[in-house]
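# Observations on the three-dimensional arrangement
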Number of protein chains: 2
Amino acid sequence: MSTEVTVIEVGPRDGLQNEQTPVSTEDKIELISRSVAAGVRRIEAVSFSHPRLVPQMADAEAVMAGVPRVEGVSYIGLVLNRRGLDRAMAAEVDEVNVVVVATDTFSTKNQNVTTDRMLETWDEIAAETPAGIRRSMTIAASFGCPFEGETPPERVAEIARRAAAAGADEIALADTIGVGVPAQVRTLTRLVREAAPGVPLRFHFHNTRNTGYANALTAVEEGVTVLDASAGGFGGCPFAPAATGNIATEDLLYALHRSGKTTGIDEESVAETGAWLGTVLGKPAPALRGRAGGFPQGRTS
Amino acid sequence: MSTEVTVIEVGPRDGLQNEQTPVSTEDKIELISRSVAAGVRRIEAVSFSHPRLVPQMADAEAVMAGVPRVEGVSYIGLVLNRRGLDRAMAAEVDEVNVVVVATDTFSTKNQNVTTDRMLETWDEIAAETPAGIRRSMTIAASFGCPFEGETPPERVAEIARRAAAAGADEIALADTIGVGVPAQVRTLTRLVREAAPGVPLRFHFHNTRNTGYANALTAVEEGVTVLDASAGGFGGCPFAPAATGNIATEDLLYALHRSGKTTGIDEESVAETGAWLGTVLGKPAPALRGRAGGFPQGRTS
């Protein structure tokens, strides 16, 4: 029996958050419903950030009111402060995720607080999240910062230590601007496991410089079993002005399935969703699996 | 001191071969000259296939007459028969490369001969290539066939054995249709090293399904020190109708350099060449490094 890898669909949140084209609540719910139908079991559905700062996520409550409530499907809401946690609980998310940016300059530009101040907010959110709701931390810019350059791996480990101390159920290391390489995946995996023993690791990669899939497969080699990806490969960071965003769910599934890993998700179905999302956003999906097709079946005898 | 990786620029041949837009001899020579100026030391410059079958390569002699002859720079010509070898020698290439397709169906459609018949041609070309001219074999479709599906790794190893028996100076394993994953890179590396002990290995990846860079970095991990790539990431196979082609030289350089490997090639310069080639071909380069920029330098103090 091969190792099972959980692929978290982050398209509804990280995939859409920075898109200029407004996406209707109905289309967001369709994206989520299609993902559930394809077999996805964890979905980053919404962000409870301030509607003025992230207008694309202003309808978070309406999205959550319309998602299919299916046994075994877990919806994640992004939460950046106490008010966000209250909204998330009212909207009945299954998990809350708090983003802590590893470098002060990026943290201040992105969230208007230093990393240390955000860690205090994390402590507060983690303490007040009701029992039964998974609480995870994403450490953004773990692989590099658009303003400071190198992110010291020891700083990432220190933040992971704070995550564990407050009872994180999971720690996600994010290459927010898509600069990472596999050697960094290995170093960070080792350091964060030492800093936060027993806390499951998750990775979040962008393919901004074409290293995202190599990083994801390296994480799996290192025993990581949870990866973020976005249908069609949409998403991006306002500080990373490149044409591609998150690693694409369908392309990641192709690589995992051909590597003998099971995911429980239908690759072809996600490829169709990625293409559909391209029509919604009015631009082709960065994903390649949909255009190229799957592994050739060979001649039928 | 870090490991040195040799990146072979295959843009002038595999990058352009299937492009519908005619590229002038002058532009081909400019692509080659830019590559040499950037530090590339091995370049797949031309193909001596029949001009009727591959019209884009019909000016092979004129291209070779115009390339900069610089100490240490080695030009590779693709050769598929005895006539091609004669043309290659007259054009004063430094290396000849023979493509043998690993599956009979693809070989017959591509070169109108079975794999075994092409191996006889390889034996002949290898025997008649003058001393001092490097002779290499590329085993195409090593990772999968558009018609037969799986390519048995043992078949690739058997072909490699034939390559070694005829005195191959190098064996290149090609993922012609871009279906491979890192696990295959490891298996093939092991099998081919056993079948052709002592013959240096080289890999040729396409990024058709977004696994090309993961495969390339895995090959380097396995101790392979020679990789093909194409400026801008152009190139493709008529049997692989996807938007992307060879792995892009600039993106591969980014990944290698950030992994601590030296290549002797200037990444920014190649990124500019990739963008320039996009203007020649009238479409954006699939490469991402040029658009995204290099690793951020951080604040100057």
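First, a word on what this report is: a plain description of the structure on this page. The structure presented is a predicted model; accordingly, all values stated were derived computationally and were not measured. In this numbering scheme, every chain counts its residues from 1 along its sequence in written order. Think of it this way: whatever chain is written first is A, whatever ligand is written first is 1, and the rest follow in order. With the structure being a predicted model, the display of local features is reserved for residues of pLDDT at least 70 and the display and counting of side-chain atom pairs for 80 or more, all residues being used for whole-chain, interface and lining totals. To get the side-chain values, take all heavy atoms of the structure and skip hydrogens and water.

## Overview of empty space enclosed by the protein
Buriedness for pockets is judged along seven lines, at least five of which must meet protein on both sides within 12 Å for an open set on the 1 Å grid over protein atoms alone, while cavities are sets there where a 1.4 Å probe fits but cannot get out, and lining residues have an atom within 4 Å of a point. Grid points are joined across faces, edges and corners, and a volume is the space filled by probe spheres set on the points. For the structure shown, the criterion picks out two cavities of 30 Å³ or more. Considering only enclosed or pocket space, the largest cavity measures out at about 60 Å³ in volume. Lining the largest cavity are Pro182, Ala214, Leu217, Thr218 and Glu221 of chain A together with Pro182, Arg186, Ala214, Leu217, Thr218 and Glu221 of chain B. Residue assignment for the lining of the largest cavity shows that the elements contributing at least two residues are helix 9 (212-221) of chain A together with helix 8 (182-195) and helix 9 (212-221) of chain B. Just so you know the grouping, Ala, Val, Leu, Ile, Met, Phe, Trp, Tyr, Cys and Pro go in nonpolar, Asp, Glu, Lys and Arg go in charged, and all remaining residues, Gly too, go in polar. A per-class count over the lining of the largest cavity returns six nonpolar, two polar and three charged. Put simply, the second largest cavity is a space of about 40 Å³. Forming the boundary of the second largest cavity are Asn207, Asn210, Tyr213 and Ala214 of chain A together with Asn207, Asn210, Thr211, Tyr213 and Ala214 of chain B. Secondary structure elements follow DSSP: runs of H or I of four or more residues count as helices, runs of E of two or more count as strands, with numbering from the N terminus.

## Some thoughts on unusual backbone geometry
Residues and elements named next belong to chain B. In this structure, Asn112 takes a positive phi of about 65° despite not being glycine. You can see Asn112 is positioned in the loop between helix 5 (104-111) and helix 6 (115-128). Burial classification: accessible surface area is computed with a 1.4 Å probe over protein chains only, and a residue below 20% of its type maximum counts as buried, one above 50% as exposed, and the rest as partly exposed. A relative accessible area of 65% means that Asn112 is categorised as exposed. Even without glycine at this site, Asn210 takes up a positive phi of about 70°. Its place among the elements puts Asn210 in the loop between strand 7 (201-205) and helix 9.

## With respect to the interface of chain A and chain B
Taken residue by residue, the interface counts 44 residues in chain A and 44 residues in chain B. Buried area is understood as the total, over both parts, of accessible area removed when two parts are fitted together, assessed with a 1.4 Å probe. Regarding the contact of chain A and chain B, the summed buried area is about 3,400 Å², with carbon and sulfur atoms giving 58% of it. Summed over the three residues of chain A that lose the most area to chain B, namely Arg209, Asn210 and Leu288 of chain A, the buried surface amounts to 19% of that side. Here, a salt bridge means any side-chain nitrogen of Lys or Arg that lies within 4 Å of a carboxyl oxygen of Asp or Glu. Applying the counting criterion to the chain A and chain B interface returns four salt bridges. In this structure, the salt-bridge partner of Arg186 of chain A is Glu221 of chain B, at a minimum N-O distance of 2.6 Å. Contact criterion: two residues are considered in contact whenever any of their non-hydrogen atoms come within 4.5 Å of each other.

## Examining the relation of the copies chain A and chain B
One chain copy maps onto the other through a rotation about an axis and a shift parallel to that axis. Alignment of the copies relies on least squares applied to C-alpha atoms, considering only residues that score at least 70 for pLDDT in both. When chain A is brought onto chain B, the operation consists of a screw motion whose angular component is 180° and whose axial shift is 0.0 Å, with 0.0 Å RMSD remaining. Look at the turn and shift together and you get a two-fold axis relating the two. Nearest to the rotation axis, the C-alpha of Ala214 of chain A is located 1.9 Å from it, this being the minimum over chain A. Most of the interface of chain A is mirrored in chain B, where 100% of its interface residues again form contacts.

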